[in-house]
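Next come the chains, spelled out residue by residue.
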Amino acid sequence: MDVNAAVAAAAAIAGLCTGVIAMLAFRWSERDQARPTRSSMRPDINAVLPPGVDTVLSVLRSSAVVLDEGDAVVKASSAAYALGLVRGGKLAVEPMLHMARDTRRDGEIRQVELDLPRRGTGRGEALAVSARVAPLGSRLVLLLVEDLTEARRIEAVRRDFVANVSHELKTPVGAISLLSEAVMDASDDPEAVSRFAGRMQIESTRLINLVQELIDLSRVQNDDPLEDAEPVRVDTLVAEAIDRCRHTASSKQITMAAGGTADLRVWGNRGQLAAALGNLVENAVNYSPARTRVGIAGRRVAVPGGDLIEIAVTDQGIGIPEKDRERIFERFYRVDPARSRATGGTGLGLAIVKHVAASHGGEVAVWSSEGQGSTFTLRLPEAAAPAPAAPVASPVSPTSSASSTSTGSSAPPVAPALTAAPEPHTAPAAIPAPEVLP
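These numbers were taken from a predicted model, which means no experiment stands behind them.

1. Some thoughts on the overall build of the chain
- The helix and strand tally for the chain stands at 14 helices and 16 strands.
- Expressed as a percentage of the 438 residues in the chain, the buried residues total 37%.
- Nonlocal contacts in the chain, meaning residues at least 24 apart in sequence, comprise 63% of its contacts between residues at least 6 apart.
- Here the chain displays about 25300 Å² of accessible surface, and carbon together with sulfur accounts for 56% of that area.

What follows is the structure, encoded as structure tokens:
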């Protein structure tokens, strides 16, 4: 009996303690719910964007950032993080933050262009952006940032191009004007008139070449060469390039040798390819000393996705300084302006080569060593060899006819000099440059 009473008393005490603990827990929970939290004091942190805004921001090309009343970031696109606009949940660009506060205060839309430092480059390059701030509802502010860096670069290129064209055209036109006045003043001196007239012919030829290369550059930039693409024999292109420079090479006693181009074909526009290779060979002849040799070598290179044809043009000229090698394909850029004018160069030849190579799905590379010479390598996709013709009654096939025509009519008279292929050697830039014998 005493044992049962003790057990009942213990159970009653345990129940009472459990009830007290439950009551305290309930009161504590009510107190926590009634206590103001950071979210209740700042409901804008968890503010929901107006319907449809999130979808619109996700498809915008501009970087988008939505700020609340406390300047905290509610929504930010991935582009905003990539540009470094948002860091640690805050807008990291102080001028944009001031704009957002002003817009939140008076509701006025604001726009400004800023130059921001690039993240991680360490070169002090500026990132040009256009920022536009507008109110979004009653509490939020929308910031749209457009990257203008590429647009400014293109505008700078266009501006430099116009300035360079104006300068290049002004020089020969001014020279012709002065020479014509000199001819008028020396009308009674036949020797002076002849000398001035010769100079006028030189300047007019330079002007014609400049205008023609401007037209060629515009054409290769705007036209699609693959619309009229066809398989083009590399040996035919080489023969045309050599023939184009034959007179200049003969006057400087420069030997031109070609090899390794038989049975090679590239796919593209024949006229543009001939112009590109002709510019490379012409540069090699113009910048080579007298009594040297210019080599032209071709080969097939196996790469994933299809074979490439490499056409390398090697000279024994003055070479190109390392600091200028990345810029020589820019329009009107000259390593030595005085020498370029002496050789009649316009500064557009290599730019045309670069555009032709790119539009044909290829590229052009350069290896050079000062005092030893340069090698320009044109890489183009290979065209498949034509299928064998069906047997016909005529003993002369179309293939052999075309071959005999190319070797008989367009091949240069010094055919033996073109049969010796230059021996390749290894260039530091991994571009096999054919060696030209002294």
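From this point on, the discussion continues.
2. Comments concerning the sheet that holds strand β2 (residues 73–76)
- Sheet architecture is open: five strands sit in the order β2-β1-β7-β6-β5, paired in antiparallel fashion. Both edges of this open sheet fall to β2 and β5 (110–117), since each of them pairs with a single strand only. The average undirected angle you get between the axes of adjacent strands in this sheet is 25°.
- The pairing of strand β1 (residues 63–67) with strand β7 (residues 140–147) spans five bridges and is classified as antiparallel. Its bridge partner lying in β7, V66 is registered against L142.
- Together, β1, β5, β6 (126–136) and β7 form the strand contacts of helix α5 (residues 94–106), whose direction differs from that of β5 by roughly 165°.
- The strands that helix α6 (residues 149–185) touches are β5, β6 and β7; relative to β6, the one it contacts most, it runs at about 130°.

3. Observations regarding the environment of R379
- Checked against the element boundaries, R379 lands in strand β14 (residues 373–381).
- Note on R379: relative accessible area 13%, which makes it buried.
- Spatially, the C-alpha atoms of R379 and A365 are 8.2 Å apart, while their sequence positions differ by 14 residues.
- Within the structure, the side chain of R379 is placed 2.7 Å from the side chain of E310, a separation counted as a polar contact.

4. What to know about the pattern of salt bridges
- Counted according to the given criterion, the structure contains 21 salt bridges.
- A salt bridge links E240 to R270; the shortest N-O distance between them is 2.4 Å. Here E240 is found in helix α8 (residues 234–244), whereas its partner R270 is found in helix α10 (residues 270–286), with 30 residues between them in sequence.
- A residue is classified by how much of its surface remains accessible, and R270, at 37% relative accessible area, is partly exposed.

5. Quick word on the sheet that holds strand β9 (residues 255–259)
- The five strands lie next to each other as β9-β11-β12-β14-β13, forming an open sheet whose pairing is mixed. Here the strands that pair on one side only, and so sit at the sheet edges, are β9 and β13 (363–369). Sheet twist, expressed as the average angle between the axes of neighbouring strands with direction ignored, equals 15°.
- Where β13 and β14 come together, seven bridges link them in antiparallel fashion. Paired with S369 across the two strands is G373, which belongs to β14.

6. Let's talk about the nonpolar core
- Membership of the largest hydrophobic core comes to 47 residues, with the highest contact counts inside it found for M256, V266, L277, V281, I296, V313 and F376.
- Ranked by the residues each element gives to this core, the list is headed by α10, at eight residues.

7. Section: the side chain of H360
- As for its position among the elements, H360 is in the loop between α12 (349–359) and β13.
- A relative accessible area of 4% means that H360 is categorised as buried.
- In terms of polar contacts, H360 uses its side chain to reach the backbone amide nitrogen of N269, at 3.0 Å.
- Only 2.8 Å separates the side chain of H360 from the backbone oxygen of V356, close enough to count as a polar contact.

8. Notes on the pairing of β2
- Where β1 lies against β2, three bridges are found, and the strand directions are antiparallel. From the neighbouring strand, L67 faces β2, where its bridge partner is V73.
- A loop of five residues connects β1 with β2, the two strands running antiparallel in sequence, and D71 in this loop sits at a positive phi of about 65°.

9. Some thoughts on α10
- Relative to the 24 Å expected for 17 residues at 1.5 Å per residue, α10 spans 24 Å between its end C-alpha atoms, a close match to the ideal helical length.
- Q272, L273, A274, A276, L277, G278, N279, L280, V281, A284, V285 and N286 are the residues of α10 that are buried.
- Regarding α10, its N-cap is N269, as a side-chain oxygen of that residue lies 3.0 Å from the backbone nitrogen of G271 further along.

10. Here we look at the confidence of the model for the chain
- Averaged over all residues, the pLDDT of the chain is 76; the fraction at 70 or higher stands at 73%.
- A low-confidence stretch, residues 32–47 (pLDDT under 50), is modelled with 14 contacts involving residues beyond four sequence positions or located in other chains.
- Confidence over residues 393–438 falls short of pLDDT 50; this stretch has 72 contacts with residues more than four positions distant or in other chains.

What counts, and at which threshold
Counting from 1, residues in each chain are numbered in the order their sequence is written. Only residues with pLDDT of at least 70 are given local features in this predicted model, and only at 80 or more are side-chain atom pairs given and counted; all residues enter the totals for whole chains, interfaces and linings. Heavy atoms from the whole structure form the basis of all side-chain values; hydrogens and water molecules are not counted. Helix and strand assignments follow DSSP, with helices taken as H or I runs no shorter than four residues and strands as E runs no shorter than two, numbered in order from the N terminus. Whether a residue is buried, partly exposed or exposed follows from its accessible area with a 1.4 Å probe, protein chains only, as a fraction of its type maximum: under 20%, in between, or over 50%, in that order. The contact definition used throughout considers only heavy atoms, calling two residues in contact when any of these lie within 4.5 Å. Note on areas: these come from Shrake-Rupley sampling with a 1.4 Å probe, and a residue is covered only by the protein chains present in the view. Strands are treated as partners if at least two bridges between them are detected by DSSP. All axes are obtained by fitting lines to C-alpha atoms, using only the stretch in contact for helices, and the reported angles, taken between N-to-C directions, cover 0 to 180 degrees. Throughout this description, a polar contact denotes any pair of N or O atoms lying within 3.5 Å of each other; where both atoms belong to protein, one of them has to be capable of donating a hydrogen while the other can accept it, and for residues adjacent in sequence the pair is counted only when both atoms sit in side chains. When a carboxyl oxygen of Asp or Glu is within 4 Å of a side-chain nitrogen of Lys or Arg, the pair counts as a salt bridge. Only buried residues count toward a nonpolar core. Its members are Ala, Val, Leu, Ile, Met, Phe, Trp, Tyr and Cys residues joined through side-chain atoms within 4.5 Å. Given the number of residues in a helix, its expected span is that number minus one, multiplied by 1.5 Å. Confidence scores here are pLDDT values: one per residue, from the predictor, ranging 0 to 100.

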